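Listed below, chain by chain, are the residues.
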Amino acid sequence: MSDLLIKLYALPQPTSPQDNITVRRAFAAERWLVCDWVTKRFGPGWASECEASFARLPVACFIAVRDGDLLGFACYDATARGLFGPTGVAGSERNHGVGTALLLAALRDMGAQGYAYAIIGRPDSAEFYRKHAGAIEIPDSDPGFYRGLIKQI
């Protein structure tokens, strides 16, 4: 699976999920809550990357919230500068625009931080990124940055 490249200067217009969902930058005080949520739904590897995004200033993690409940997250600059991810949405909230809203919020923030491009390392759903952010494949990028990653038990 190849890495993807996204032009941050050519993003589509932001989208809004359902009216009662807020997409915003996570607060530092929410670090443990968000990382625990990520661990339970997506595993310790993604949680480790999520935690690293909280060490950035400003925090490089965006969350989707409804009535105080976490629905999803999107991080960048976690594993390496310029890499988008990890990102995930609760199973019950998928296909309702939450993931797209999180993606575009994080990518727009990357652009505001001075990046011209974002790289998505080994995406699970390349088609999602092509459709919603105009991602293109980076030739000869497999296994890419994650080469030699220790296997999780």
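Structure first, text after, so check above.
Worth saying up front: this structure is predicted, and the values here are computed from it rather than measured. (Residues numbered from 1 in each chain as written. Predicted model: local features only at pLDDT ≥ 70, side-chain atom pairs only at ≥ 80, totals over all residues. Heavy atoms only, no water.)

Before going further, it helps to spend a moment on the packing of helix H1 (residues 31–42) against helix H2 (residues 44–54). As a packed pair, H1 and H2 sit with axes 7 Å apart at the nearest point and diverge in direction by 160°. As summarised for this structure, H1 and H2 are arranged roughly antiparallel, according to the angle between their axes. Note on packing geometry: the crossing formed by H1 with H2 is right-handed. The segment H1 lies against H2, with Arg31, Trp32, Val34, Cys35, Val38, Thr39 and Phe42 engaging Pro44, Trp46, Ala47, Cys50, Glu51 and Phe54. Of the residues in the contact of H1 with H2, the class split is 10 nonpolar, 1 polar and 2 charged. (Axes fitted to C-alpha atoms, helices over the stretch in contact; angles between N-to-C directions. Helix = DSSP H or I, 4+ residues; strand = E, 2+ residues; numbered from the N terminus. Parallel < 35°, antiparallel > 145°, perpendicular 65-115°, else oblique. Left-handed = near helix turned anticlockwise from the far one by under 90°. Contact = heavy atoms within 4.5 Å. Nonpolar A, V, L, I, M, F, W, Y, C, P; charged D, E, K, R; others polar.)

Turning next to unusual backbone geometry. Of note, the amide linkage connecting Leu57 to Pro58 takes the cis form, showing an omega dihedral of 0°. With respect to the helices and strands, the residue Pro58 is situated in the loop between H2 and strand E3 (61–66). One non-glycine residue, Asp67, adopts positive backbone phi at about 50°. The topology assignment puts Asp67 in the loop between E3 and strand E4 (69–76). Accessibility expressed as a relative area gives 68% for Asp67, which makes it exposed. The backbone of Arg122 shows a phi angle near 45°, a positive value even though the residue is not glycine. Examined against the element boundaries, Arg122 turns out to sit in the loop between strand E6 (117–120) and helix H4 (126–133). Among the residues examined, Arg122 registers a relative accessible area of 38% and is labelled partly exposed. (Buried < 20%, exposed > 50% of the residue type's maximum accessible area, 1.4 Å probe, protein only.)

In this section: the environment of Pro143. By the element assignment, Pro143 lies in the segment after strand E7 (136–137). Between the C-alpha atoms of Pro143 and Glu51, which are 92 residues apart in sequence, the distance is 24 Å.

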